[in-house]
Amino acid sequence: MRRIRIFDTTLRDGEQSPGVTLTPAEKLEIARQLVRLRVDVIEAGYPAASPGDFSSVEAISRVAKGVTVCGLARAVQSDIQSAYDAIKGSDDPRIHLFLATSDIHMEKKLRMTRAQVEEQVDRMVRFAVSLTPNVQFSPEDGGRTDLDFLVRIVEIAIRAGAKVINIPDTVGFLLPSEYAMRMKHVRDHVEFGDVQLSAHCHDDLGLAVANSLAAISAGVDQVEGTINGIGERAGNASLEEIAVALSLRAEQFGASTQMDLSQIVRTSRLVSRLTGMVVPPNKAVVGANAFAHESGIHQDGVIKERTTYEIIDPSSVGLTENRSLVLGKHSGRHAFRKHLEEMGYVLSDDDLAEVFKRFKALCDRKKTVTEEDILALVDERYHED
Ligand code: KIV
Ligand code: ZN
């Protein structure tokens, strides 16, 4: 099994979600939880962005033991120096610098020629390496960069000493087959040696997780993403989805992570609570409905054998409370009886038939039927005799 390294950027790209700002104490709390989740790398922030960001990254570097702590920098000397100063107290500091390489970014945003970009990558990676050997370089908008130029830039960064090359699909434009092809092409045309190749996907087309998995199949060593998929615009790849898919289909991928999956729900809830970004109920793995079954046929199946309709064991991702059988108008009598038993009511067949009939009628009138409603129906039946 190849080991895939998990690079968490919840505190950097995730914090770039519109409307999200975390206090230094909140960032530390998330970083501690990411250590429990056993990610390999925590991208703690962008130290040059503000004095607050700098001190948060510095504090996380002191506290997050046994992981690589990474600081982001533009490919300019002052940013790189500031990133290094913030992370140097970490067990394993990493500088992550980036420079855009797509024609549209170079022409319209940077106003630089290809030759100038090449020269700056070479000079800035060398400067970063003079501070620490653990340097990651990202050609920003790598997903839309001319393939020959991308190869050239990656060659330059590796020759200058970068130890990790990340090819970001910055605008979430690529399809899984295209992203995989890009990764293979770069790997086949550049001498990587022990340099790691990394994937970083955005979710503009809802493909960030699919693209990350395609990149793993294509042989990358590291995947980047955030908890709950938060991030710029439509967000980043959801790390919890990638990790569970890898664990469930480990043989197909021939790859695994060191993540402690039982910490997933806890981490997801913490990030949601502190960022204020609500997890959609139907979100894979961590959504409130991810393990909820409403239709009678499904409920009946799950009662008989959980795996009829559940591919993930909820306890494996740390879901301890039982919320599997949701009562609604599609529920069957079997699930209804089980639910009542769990509430402490064992009804005769006649009583059950009557209460179930009233329950169904109520479901037609009311959007959400609560435990209190069900109790009222049982109570009503008891008081008739
Ligand atoms: O999406 C992106 O290109 C980034 C880079 C800074 C790696 O987040
Ligand atoms: Zn990004």
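Residues numbered from 1 in each chain as written. Chains lettered and ligands numbered in written order. Predicted model: local features only at pLDDT ≥ 70, side-chain atom pairs only at ≥ 80, totals over all residues.

Within an unreviewed UniProt entry, the label attached to the protein chain reads 2-isopropylmalate synthase, and the organism entered is Ferroacidibacillus organovorans. UniProt annotates the protein chain under Sequence similarities (unreviewed entry) with the comment "Belongs to the alpha-IPM synthase/homocitrate synthase family. LeuA type 1 subfamily." Taken from UniProt, the Function (unreviewed entry) comment for the protein chain reads in full: "Catalyzes the condensation of the acetyl group of acetyl-CoA with 3-methyl-2-oxobutanoate (2-ketoisovalerate) to form 3-carboxy-3-hydroxy-4-methylpentanoate (2-isopropylmalate)." (UniProt positions renumbered as here; feature names shortened; annotations may be inferred.)

Caption draft 1: Representation of the nonpolar core. Core analysis: the largest hydrophobic core is formed by 93 residues, its most contacted members being Ile42, Leu97, Val121, Met183 and Ala215. Looking at this core, the element that brings in the most residues is helix H8 (residues 208-217), giving seven residues. Core analysis: the next-biggest nonpolar cluster, separate from the first, contains nine residues, Leu325, Ala335, Leu340 and Val355 among them. (Core = buried A, V, L, I, M, F, W, Y, C linked by C-beta atoms within 7 Å. Buried ≥ 20, exposed ≤ 12 C-beta atoms within 10 Å, placed from the backbone. Helix = DSSP H or I, 4+ residues; strand = E, 2+ residues; numbered from the N terminus.)

Caption draft 2: The UniProt feature "domain: Pyruvate carboxyltransferase" (unreviewed entry) in the protein chain, seen in detail. The UniProt record marks residues 4-265 with the feature "domain: Pyruvate carboxyltransferase" (unreviewed entry), using the residue numbering of this structure. Counting secondary structure, residues 4-265 comes out at 44% helix and 19% strand; the distance between its end C-alpha atoms is 21 Å.

Caption draft 3: Expanded view of the packing of helix H2 (residues 51-63) against helix H3 (residues 77-87). Following both chains from N to C, one finds H2 and H3 inclined at 40 degrees, their axes separated by 7 Å at the closest point. Taken as axis vectors, H2 and H3 run oblique relative to one another. Across from Phe54, Val57, Glu58 and Ser61 in H2, the residues of H3 making contact are Ser82, Ala86 and Ile87. Taken together, the residues that form the contact of H2 with H3 break down as four nonpolar, two polar and one charged. (Axes fitted to C-alpha atoms, helices over the stretch in contact; angles between N-to-C directions. Parallel < 35°, antiparallel > 145°, perpendicular 65-115°, else oblique. Contact = placed C-beta atoms within 7 Å. Nonpolar A, V, L, I, M, F, W, Y, C, P; charged D, E, K, R; others polar.)

Caption draft 4: Highlighting the environment of Gly225. Among the structural elements, Gly225 can be located in strand E9 (residues 222-225). Gly225 sits in the buried class, given 33 other C-beta atoms within 10 Å. Linking Gly225 and Ala64, residues 161 residues apart in sequence, is a C-alpha distance of 18 Å. Excluding anything up to four places from it in sequence, Gly225 contacts Thr9, Ser212, Asn236, Ala237, Ser238, Leu239 and Ile242.

Caption draft 5: Local environment of the sheet that holds strand E8 (residues 196-201). Pairing is parallel in the closed barrel, where eight strands are placed in the order E2-E3-E4-E5-E6-E7-E8-E9. When the angles between neighbouring strand axes are averaged without regard to direction, this sheet yields 25 degrees. Relative to strand E7 (residues 164-169), strand E6 (residues 135-140) runs parallel, the two sharing two bridges. Residue pairing across strands places Phe137 opposite Ile165, the latter belonging to E7. Along the sheet, H3 contacts strand E4 (68-74) and strand E5 (92-100); its crossing angle with E4, the most-contacted strand, is approximately 160 degrees. Its contacts with the sheet place H8 against E7, E8 and E9, and it is angled at close to 165 degrees to E8. (Pairing = 2+ DSSP bridges.)

Caption draft 6: Quick peek at H3. The complete set of buried residues in H3 reads Asp79, Ile80, Ser82, Ala83, Tyr84, Ala86 and Ile87. Against H2, E4, E5 and helix H5 (114-131) lie the buried residues of H3.

Caption draft 7: A look at the UniProt feature "binding site: Mn(2+)" (unreviewed entry) in the protein chain. Under the feature "binding site: Mn(2+)" (unreviewed entry), the UniProt entry names Asp13, His200, His202 and Asn236. Taking the farthest pair of C-alpha atoms as the criterion, the annotated set spanning 224 residues converges on one region, since that pair is 10.5 Å apart. In this fold, His202 is placed in the loop between E8 and H8. Among residues more than four places away in sequence, those in contact with His202 are Asp169, Thr170, Val171, Gly172, Ala208, Gly231, Glu232, Arg233, Ala234 and Asn236. Inspection of the secondary structure puts Asn236 in the loop between E9 and helix H9 (239-248). In this view, Asn236 contacts Thr9, Asp13, Gly14, Cys201, His202, Asp203, Ala208, Gly225, Thr226, Gly229 and Gly231; residues no more than four positions away in its chain are not counted.

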